[in-house]
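# Summary of the model geometry
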Amino acid sequence: MSRLLISIISIGSLFCPTLINASVLLPPPTGPFSVSLDTFELIDTSRPDPWNSTHTRRLILSRFDPLSPHQCRRTCPIPYMPPGTATFQDAAYGDLGIPIPPGTFGSLHLQLCCDAKKPKPHPHADWSRSSHPVLLFSPGMGFSRLFYSATASQVASQGYTVLTIDHTYDADVVEFPDGTLVTSALPVNITEEAVQKAAAVRVADVLFILDTLSPHRSHAAKKGKVGVFGHSLGGAAAAAAMHVDKRIRAGVNLDGQMVGDVATAGLERPFLLWGAGGHNSSTDATWASFKGVMERRGEWVKELELVDSAHLTFTDLPVLRDVFGFADLLPPQFGALIGSLKGERVVQILGAYVAAFFDFALKGKREGLLAGPSGAYPEVLFID
Ligand SMILES: *[C@@H]1O[C@H](CO)[C@@H](O)[C@H](O)[C@H]1NC(C)=O
Ligand SMILES: *[C@@H]1O[C@H](CO)[C@@H](O)[C@H](O)[C@H]1NC(C)=O
Ligand SMILES: *[C@@H]1O[C@H](CO)[C@@H](O)[C@H](O)[C@H]1NC(C)=O
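Scope of this entry: the structure provided in the associated data block. (Residues numbered from 1 in each chain as written. Chains lettered and ligands numbered in written order. Predicted model: local features only at pLDDT ≥ 70, side-chain atom pairs only at ≥ 80, totals over all residues. Heavy atoms only, no water.)

## Some words on the nonpolar core
Among soluble globular proteins, nonpolar side chains are generally buried collectively. Judged by nonpolar contacts, the single largest core of 68 residues is most densely connected at Y93, F105, F147, W274, L320 and F358. The element contributing the most residues to this core is helix 11 (residues 343-363), with 12 residues. Setting aside its immediate chain neighbours within four residues, L320 contacts L26, Y80, F105, L108 and F147. In terms of nonpolar packing, the next biggest core, distinct from the first, is built from 32 residues, L42, L61, A241 and F271 among them. (Core = buried A, V, L, I, M, F, W, Y, C linked by side-chain atoms within 4.5 Å. Buried < 20%, exposed > 50% of the residue type's maximum accessible area, 1.4 Å probe, protein only. Helix = DSSP H or I, 4+ residues; strand = E, 2+ residues; numbered from the N terminus. Contact = heavy atoms within 4.5 Å.)

Have a look at this one:
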């Protein structure tokens, strides 16, 4: 797994004469709200960057905001990634043996609201005043936040402000507003030490974002409006951040082994574990320990499995594979890591269950889809 992520990180050169010009569109989000996207940078002047002490910590976030349909005049294609990142990813995925022509990632577009009848959110606006709960999202180790935009916008369309975080020097590449690309500083062969460090840096990033965007700490916490979810190491970071900060009222771990004390300490707020095929609390001791301690205390914890899925099913890669028509071009080993579910379906399922969980945990609704198996979603198994 780690080696795959690292090869995604390495830049290769790929010559291919054809250029893709036409836009390739991802399906628009399907929830009751329209969704706008803003990208912004936060600078933590209190902290030297833990991966590069020559400067302070700088983070780039995508912010997906729900808009009632009358607030959106027009939906249009919005680039899935900025140009420098797109060129980087064309080369990186080419290196994995996927024959993609230059321009592939640059051709990819989300379909979101591009003309809203309300002012753009100020990046530092106090979100505890927002009418929708805020969800922070932390990606898999070595992954860019951009590879989760389809799922993030689907969750936002169900009434959540979703912030996806790039953890600088951990993500394969982060593009800053001036076009600077910062590549990963993770070691080529991931060590346990690197995992521990990356998890700790992610937790510090999450707490910094909460401090910056929710200055009235107790106010936001009392209103119970902040949740965190993440994939892989990002899922572990979601639990670890909840362990140290009670402002976060609920969390979801998508297929990530737990890291640090939270695995044995558990939490006293609702938490959802959601594994790919074969990853569950009988195969992962950190999940067994976490779930056991939560259950003994009577805390809300549930465990799901997504059938026919693998570790990278929880990224946007299944839907990207389908819109590009790459299914037959993927090296089998890489295809297996994405799983066999249709990409659009994966986005629907993740959006439905993540929103149902936070509807229950943050909005005080009934358990809904989390109450038990649903005929509408036979791909989702409940594990005792
Ligand atoms: C650390 O940051 C400096 C200043 O931005 C940059 O020149 C240097 O390449 C960075 N080092 C690494 C290892 O990324
Ligand atoms: C990473 O691990 C592989 C396999 O164990 C080894 O062949 C390679 O030399 C290692 N690379 C580095 C930079 O340590
Ligand atoms: C957990 O995964 C293992 C390995 O695939 C599987 O054999 C087992 O049945 C799963 N456990 C449950 C409770 O589904």
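## Considerations on the pattern of salt bridges
Following the criterion strictly, the structure yields 17 salt bridges and no others. In this structure, the salt-bridge partner of R57 is D205, at a minimum N-O distance of 2.8 Å. Of this pair, R57 sits in strand 3 (residues 52-67) while D205 is found in helix 4 (residues 192-213), placing the two residues 148 residues apart along the sequence. Of the residues examined, R57 reaches a relative accessible area of 0% and is grouped as buried. Across the pair R247 and D211 runs a salt bridge, and its minimum N-O distance is 2.9 Å. (Salt bridge = Lys/Arg side-chain N within 4 Å of Asp/Glu carboxyl O.)

## Focus on the environment of D316
Structurally, D316 can be placed in the loop between strand 13 (301-306) and helix 9 (317-324). Taking relative accessible area as the criterion, D316 reaches 1% and is therefore assigned buried. Separated by 30 residues in sequence, D316 and V346 place their C-alpha atoms 8.6 Å apart. Among all residues touching D316, those that are not within four sequence positions of it are Y80, L146, F147, Y148, S149, A150 and T151. A distance of 2.6 Å separates polar atoms of two side chains, one belonging to D316 and the other to Y80. (Polar contact = N/O pair within 3.5 Å; in protein donor to acceptor, adjacent residues only side chain to side chain.)

## Focus on the side chain of T313
With respect to the helices and strands, T313 occurs in the loop between strand 13 and helix 9. With residues up to four places along the chain from it excluded, the contact list for T313 reads L306, P318, L337, I338, G339, V346 and L350.

## Some details on the packing of aromatic side chains
Applying the stated criterion across every chain, the model contains 20 aromatic pairs. On the basis of an interplanar angle of 40° and a centroid distance of 5.2 Å, the ring pair of W300 and F360 is categorised as tilted. With W300 in the loop between helix 8 (285-296) and strand 13 and F360 in helix 11, the pair connects residues that are 60 residues apart, well separated along the chain. Residue classification places W300 among the buried positions, given a relative accessible area of 16%. The ring of F176 is capped by R58, whose NZ or CZ atom sits 4.1 Å from the centre of that ring. (Phe/Tyr/Trp six-rings, centres within 6.5 Å; stacked < 30°, edge-to-face > 60°. Lys NZ or Arg CZ within 6 Å of the ring centre and 35° of its normal.)

## Structural notes on the site of ligand 3
The environment of ligand 3 is formed by G278, N280, S282, T283 and I383. N280 is positioned with one of its side-chain polar atoms (N or O) 2.3 Å from an oxygen atom of ligand 3. Here a nitrogen atom of ligand 3 sits 3.3 Å away from a polar atom, N or O, in the side chain of S282. Protein chains shield 42% of the accessible area of ligand 3, which is 360 Å² for the free molecule. Each residue belonging to the shell around ligand 3 can be placed in one class, and the counts come to one nonpolar, four polar and no charged. (Near = heavy atom within 4 Å. Areas by Shrake-Rupley, 256 points an atom, 1.4 Å probe, with all protein chains shown as cover. Nonpolar A, V, L, I, M, F, W, Y, C, P; charged D, E, K, R; others polar.)

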